[in-house]
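Results of the structural survey
Each chain, letter by letter, is given below.
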Amino acid sequence: MSPRSVFSYRKTTLSLSVMLFIPLVINPSQVQAGTVPAGQNQPIDRNSPVETWTLETGATLTGVGATTEGIVSSAGGTVNLTNSTVNATGTGPFVNGIRLVNANAALDNSTVTSTDGIGIQAARDLNTVGGSKVTVSNNSTVRGLTGGIAGNRFSNLTVHNSTVEGTGANSFGIRLLEGTLSASGSTITGGLNGLIVGTDTAQTGVTPSSIVLDSTRVEGKTGSAIVVGFNNSTFPTVANIEVRNGSTLIGGNGTVVEVRDGASAVLLVDNSALTGNIVVDAGGTGNVTLQNAASLTGDMQNVTSATLNNQASMTGNVLGASSVVINNASTLTGNLQGVATVSINNRSVMVGDVSGAANSASSLALDNGASLTGKVTNVTNFAISNQALWQMTESQSVSNLTLAGGGTVRLGSNQQYFQLDVANLAGNGRFELGTDFRQGISDLLNITGSASGNHQLLVASTGLDPVSDASIKVVQSVASGAQYDLVNDRVDVGAYTYRLVKQGDDWYLQPDKDVISNPTRSVMAIFGTAPTVIYGEMALLNTRMGDLRVNGGQTGGWMRSFGGRYSVTNKAYGNGYSQNQHGISLGVDTPVQIAGERVLLGVFAGYSKSNLDLSRGSSGEIDSTSLGMYGTWLGDSGYYLDTVAKLNHFHNDAKVTMSDGARTKGGYNNLGASASVEFGKHIDFKDGYYIEPFTQWQVATIQGKDFSLDNGLKADADTTRSMLGKVGVNMGRGMKLDNGSVLQPHIRTAVVQEFAKHNEVRVNDNKFNNDLSGTRFEVAAGASWTLNDRWQVHGEFDTSKGDNLTKDYGFNFGAHYKF
C-alpha cells in the first residue's frame, strides 16, 4: 500500500498551509518534487505520484513498478529501481535521468530516459574519497540525448543483459573518466561514438580506466566504437580494455578502437570477431592482443605492439608498429609496414609482405614450423629456424640471413624462377629451388658477401627428360665458405638423375647417367615383379595338394593359403626393393584313366596381393587373380608327373616419392600366362623313411604394357618372359600314429636357376633391361598329416638365397578333402 505522503512536512497552522499553496499556483510543477531525508529509506510504487526526487546524504529511494522524473542523490545515497521508469524532462540538476554524487544506483528491468541530458551521471565529490556505482541489469534500458551513462573518476559501472544508448547525433553510449566498466550480454550505442574514455578534469594523477566487454555489442553510429583520449587534459588518458566471448565493436567510420594523441590503451580481444580498423594517432600508444581464436578484419595503424596468439587471425595490414608477434597457430593475411621487430612462431602463418621500419635495424624471425609467404624489404636481420618456411613471391635481397634447425627458404613456385641475393649467409638450413631442366633455367641463390655453414638444396624433380646435358647454376658466390648438398643426394629428372658439383665458388646441377631416377626404379620393379607373383602362386605338388599317395585316387577338393617375402637386390633397382605376397587358391580334381594310367585332372582359381616396398617412400601394389587347370600322374613304381597351366590378370599400381618429396602415381592392367612341369620319383626305405628327387620347370610370359606417371614420365615394357628350372630332393618319413592317422614330416633342398636375361623396359625412350637371371638355393621344412580316409592337412616353411632374388621366408598351409 502506498504511503499517504511522498515527501516529509509538518502539520502547522492554516496560515502556513496557505503560504505553501501560493507557489503552487505560480509554478504547479513544484508539487512533483520529493526529498528523502538523510539516512531514510523512501519506497515508491505505481501508485506514487510522478515527481523528481532528491536524496540527502545516506538516503535510499526504492522503487518497485514506479514512474518518476529525474533523481539526484548526494553522497552515500542509494537508488534501487525494479520494473520502474525514470523520464527526465527537467532542467538544471534534473536534466539527467539519475545524477549520482558518490552514490549508488541499481536498475533491475527498469528504464531511465533523459530527453535533454545524460541517462545516468555517476559523478563524485572532489572533497571525498571514491566515486559513484551504477548497476544496470535484467533487460534495463538507459538512454540520454547527450549520452547513456557517464562515469567520472573512481566510478564503477556494471551493465548486464541491458541496453545503454545515446540518442543525439553527437552522443556517446557510455563516457568513462578514470573509472571501471564491466558489461556483459549488453548493447552500448552512441549517436557518434559508442564508448568514450577520457581523464577527469579535476585530477592530481593518472588513474587508468578498466573496461571489460563480455558478449557485448558496442557501436558508434557515425564515429568510432571506442575512443580513448576524447578530451584534452593535463594528464593523458590510460585505458585497459578487454573484449571477450563473442563481443562486437562497430564503428560507423570504419574504426573499432581509436586512441588519440597523448592517450594510451591496452586492448585484449579474446574469442571475439571484430571488423574495422584500430587506429592510434601520432603521440598515442596502443598495445593490441588478439587471442583464443579472436579475429580482426581491418587494419592496425600506428600501434605500439600487435600480438596474435592461440589461433587468432587477422585480415588486414599493420601499418607501423614497434613489435608484431604471431604465435601458436595464428594467422595474418596482410602486410606489415614500418615494423621494427617481427616474430612468427609455432605453426603460425602469415601471407603478405614485411617492410622494416625506416632508420632502424629491423628484425624478422620465423620459428618452430611457422611460415611466411611474401616479400621482405628493409629487414636487417632475418632468422628462420626449426622447420619454419619463407616462401618468396619475387626476386629480392636480404642483408643478414641465418638458418637453423631445418629453416627453409623456398624461392620460386608455379613455373616462376626467382633470384635471392644474400649479403651474409650463416647457419645450417635448406633452400628449395625450382628448375626447368628442359630450358636450363633455375632459381638462383646469389651470395654477395660472406657465407658459412652447411646448407641443403631441395631441387624440384620432374618426370620429363632434359633437352640437353648442360649443367645448370643454382648457387653463385663471390667467395667460398659455405658447403651445399642436395637433399637425398640426387635430383630425379626423367629417367636419370642430376648431382651437385662445385666449380670455382659456384655450384651447378650436372646430369648423371650412371644413376637412374626413383620413378624409373619403381616402374621397372612393377614390370619385373609379375614372374615372382606367378611363381609364388604356383607351388610344388606336395605344397599345393599334399601327399596324393595316401588315398589319392578319389575325387577331392583342396584349399591352400600362402605368403612370403622376397628381397630383390638387382643393381638396376638401386638399393633394391622388397615384395610381400599373400594369397589363397582353391581347386577340385577327379581321377580318370588315360592309356591305363591313373591321372588326376583338376581346375583351380586363386587370388594374391603383393605389396612392394620400393624404399625412399615409394611403393607398389599388384592384385592378381588366376584360373588354371592341372593334371597329375602317379605311377605304381613311385614316379609322378605334375603339369599346371594358368592364366593371370594383374592390376598394377605404383606410388612414387620423388627426390624432392613430391608424390606421383600411375597404374595399368595386363595379363599373364604360365605353365609348370614337375617330375620326380618317390623311393621308400626302411621304417617309413623315403627320398623323393624331383625337377620342376616353369615358364611365364606377361603382357607388355605402356603407362604414364602423373608427373609426365612414360614407361613401356616389352613382353616379360621367365624360365625357371629347379632340381632338388625331398626327404622325410611316414609315421602311423596310435589313432591311425599318418604324419609325414619332410625337408627339402633344391637349386633354382632363372634363365631369362633380357626383358626390355623403356622409360622416356631410354632402354633398360629387367634381368633377374641367376642361381639361388632353397631349403624348406614341412609335414603332411592324413587324418582319415577323407581329410589331409599340410604345411611348409621355406627360404632361398640367390644372386639377385632372395626369398626371406615363405609359408603355405593347406587342406585336401576326398569326396
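Coordinates for the structure precede this section.
Attention here is on the structure that accompanies the text. (Residues numbered from 1 in each chain as written. Predicted model: local features only at pLDDT ≥ 70, side-chain atom pairs only at ≥ 80, totals over all residues. Heavy atoms only, no water.)

**Looking at the overall build of the chain**
Within the chain, the secondary structure is distributed over 3 helices and 76 strands. Here the C-alpha atoms of the chain give a radius of gyration of 46 Å, more than 25% beyond the 28 Å that 2.2 N^0.38 yields for 819 residues. Projected onto the principal axes, the alpha-carbon positions of the chain cover approximately 155 × 80 × 40 Å. Per-residue burial over the chain gives 51% buried out of 819 residues. Restricting to contacts in the chain with at least 6 residues of sequence separation, those with at least 24 account for 53%. Accessible surface computed for the chain: about 33800 Å², of which carbon and sulfur atoms make up 52%. On the chain, the mean spot of the 54 positive side-chain charges and the mean spot of the 64 negative ones are 4 Å from each other. (Helix = DSSP H or I, 4+ residues; strand = E, 2+ residues; numbered from the N terminus. Rg over C-alpha atoms; globule rule 2.2 N^0.38 Å. Buried < 20%, exposed > 50% of the residue type's maximum accessible area, 1.4 Å probe, protein only. Contact = heavy atoms within 4.5 Å. Areas by Shrake-Rupley, 256 points an atom, 1.4 Å probe, with all protein chains shown as cover. Lys, Arg positive; Asp, Glu negative; His and termini not counted. Charge placed at Lys NZ, Arg CZ, Asp CG, Glu CD.)

**A short note on the environment of Val-487**
Within the secondary structure layout, Val-487 lies in the loop between strand S55 (482–486) and strand S56 (491–493). A relative accessible area of 11% places Val-487 in the buried class. Sequence spacing of Val-487 and Ser-348 is 139 residues, and the spatial spacing of their C-alpha atoms is 25 Å.

**Topic: the environment of Thr-520**
For Thr-520, the position within the fold is in helix H2 (residues 518–537). Thr-520 gets classed as buried once you look at its relative accessible area, which sits at 0%. A sequence separation of 267 residues divides Thr-520 from Asn-253, and the C-alpha atoms of the two residues are 63 Å apart.

**Details of unusual backbone geometry**
In the Ramachandran plot, Glu-178 falls in the positive-phi region, its phi being about 55° despite a non-glycine side chain. The residue Asn-368 is not glycine, and still its phi comes out positive at about 55°. Looking at the element boundaries, Asn-368 is found in the loop between strand S41 (363–367) and strand S42 (371–373).

**Describing the sheet that holds strand S49 (residues 430–433)**
The strand order S29-S32-S35-S37-S39-S42-S45-S47-S49-S53-S55 describes an open sheet built from 11 strands, whose pairing is parallel. Edge positions in the sheet fall to strand S29 (273–275) and S55, since each of these pairs with one other strand and no more. The mean inter-strand angle of the sheet, taken between neighbouring strand axes irrespective of direction, is 10°. Here 3 bridges tie strand S32 (residues 295–297) to strand S35 (residues 313–315), and the two strands are oriented parallel to one another. (Pairing = 2+ DSSP bridges. Axes fitted to C-alpha atoms, helices over the stretch in contact; angles between N-to-C directions.)

**Focus: the nonpolar core**
Among the nonpolar cores identified, the biggest contains 114 residues, and Leu-181, Trp-390, Leu-401, Leu-420, Phe-431 and Tyr-484 are the most heavily contacted of them. Sequence-distant contacts of Trp-390, defined by excluding residues within four places in its chain, comprise Leu-366, Leu-372, Gly-374, Val-376, Phe-382, Ile-384, Gln-396, Val-398, Thr-408, Val-409, Arg-410 and Leu-420. The next biggest cluster of nonpolar side chains, apart from the first, holds 36 residues, and it includes Tyr-496, Ile-526, Leu-614 and Ala-700. (Core = buried A, V, L, I, M, F, W, Y, C linked by side-chain atoms within 4.5 Å.)

**Remarks on the pairing of strand S61 (residues 597–615)**
Two faces belong to every sheet, and in a regular strand the side chains alternate between them. The sheet contact formed by strand S60 (residues 577–594) and S61 spans 17 bridges and is antiparallel. Opposite Pro-591, over in S61, you have Leu-600 as the bridge partner. Turn length for the S60-S61 hairpin, with the two strands adjacent in sequence and antiparallel, is 2 residues, and the turn residue Ala-595 shows positive phi of about 55°.

**Re the packing of aromatic side chains**
Per the stated rule, a full pass over the model turns up 16 aromatic pairs. Relative to Tyr-630, the ring of Trp-558 has its centre 6.2 Å away and its plane inclined at 55°; by these criteria the two rings are tilted. Taken together, the residues Trp-558 in strand S59 (residues 556–568) and Tyr-630 in strand S62 (residues 618–634) connect sequence positions 72 residues apart. Considering the side-chain rings of Phe-797 and Phe-813, the 5.7 Å spacing of their centres and the 80° angle between planes classify their relative orientation as edge-to-face. Of this pair, Phe-797 sits in strand S75 (residues 791–802) while Phe-813 sits in strand S76 (residues 805–818), and the two are 16 residues apart along the sequence. Exposure remark for Phe-797: the relative accessible area of 51% places this residue in the exposed category. (Phe/Tyr/Trp six-rings, centres within 6.5 Å; stacked < 30°, edge-to-face > 60°.)

**With respect to the layout of surface pockets**
Roughly 500 Å³ of internal volume is contained in the largest pocket. In terms of lining, the largest pocket is formed by 21 residues, of which the most central are Gln-415, Gly-434, Thr-435, Ala-460 and Ser-461. Among the secondary structure elements, those contributing two or more residues to the lining of the largest pocket are S49, strand S50 (435–436) and strand S53 (453–459). Taken together, the residues of the lining of the largest pocket break down into 7 nonpolar, 9 polar and 5 charged. (1 Å grid on protein atoms, 1.4 Å probe; cavity = no way out; pocket = protein on both sides within 12 Å on 5 of 7 lines; lining within 4 Å. Points joined across faces, edges and corners; volume = space filled by probe spheres on them. Nonpolar A, V, L, I, M, F, W, Y, C, P; charged D, E, K, R; others polar.)

**Side note on empty space enclosed by the protein**
Empty space among the atoms becomes visible once a probe the size of a water molecule is rolled across them. This structure, assessed with the given rule, holds 8 cavities of 30 Å³ or more. By volume, the largest cavity is sized at about 530 Å³. Elements represented by at least two residues in the lining of the largest cavity include exactly H2, S59, strand S66 (689–702), strand S69 (720–733), strand S71 (742–754), strand S74 (774–786), S75 and S76. In the lining of the largest cavity, the residues fall into 13 nonpolar, 15 polar and 10 charged.

**A short note on the side chain of Asp-506**
Structurally, Asp-506 is set in strand S58 (residues 506–516). Engagement of the side chain of Asp-506 in a polar contact is seen with the backbone nitrogen of Ser-477, the distance being 3.0 Å. (Polar contact = N/O pair within 3.5 Å; in protein donor to acceptor, adjacent residues only side chain to side chain.)

**Here's the deal with the side chain of Ser-578**
Note that Ser-578 resides in strand S60. When residues no more than four places from it in sequence are discounted, the contact partners of Ser-578 are Arg-565, Tyr-566, Ser-567, Asn-611, Leu-612 and Asp-613.

**Brief notes about H2**
Spanning 20 residues, H2 covers 29 Å between terminal C-alpha atoms, matching the ideal 28 Å at 1.5 Å per step. Maximal helix bending in H2 amounts to about 35°, located at Thr-529; proline Pro-531 follows within four positions. (Expected span 1.5 Å × (residues − 1). Bend = angle between axes of the 7 residues up to and from the residue.)

**What about the sheet that holds strand S67 (residues 705–708)?**
Across the sheet, which stays open at both edges, the 4 strands sit in the order S67-S68-S72-S73 with antiparallel pairing between neighbours. With one partner strand each, in any of the chains shown, S67 and strand S73 (766–769) form the two edges of the open sheet. Averaged over all neighbouring strand pairs, the angle between strand axes comes to 20°, with direction disregarded. Summarising the sheet, strand S68 (residues 714–717) and strand S72 (residues 760–763) pair through 3 bridges and their orientation is antiparallel. Bridge pairing in S72 links Ala-717 to Val-761.

**A word on the pairing of strand S21 (residues 193–198)**
With 6 of 6 residues buried, S21 is to be regarded as a mostly interior element. Relative to S21, strand S18 (residues 172–177) runs parallel, the two sharing 5 bridges. Within S21, the residue paired with Phe-172 across the bridge is Asn-193. Strand direction decides the pairing type here: S21 and strand S24 (residues 226–228), joined by 3 bridges, are parallel. Each bridged residue has a counterpart across the sheet, and for Leu-195 the counterpart in S24 is Ile-226.

**Here's the deal with a nonpolar patch on the surface**
Judged by side-chain polarity, Met-559, Ile-584, Leu-586 and Tyr-607 come together as a nonpolar surface patch covering roughly 350 Å² of accessible area. For Leu-586, the position within the fold is in strand S60. According to the relative accessible area criterion, Leu-586 is partly exposed, its value standing at 47%. (Patch = residues over 30% accessible without salt bridge, like charges linked within 9 Å, V, L, I, M, F, W, Y side chains within 5 Å. Salt bridge = Lys/Arg side-chain N within 4 Å of Asp/Glu carboxyl O.)

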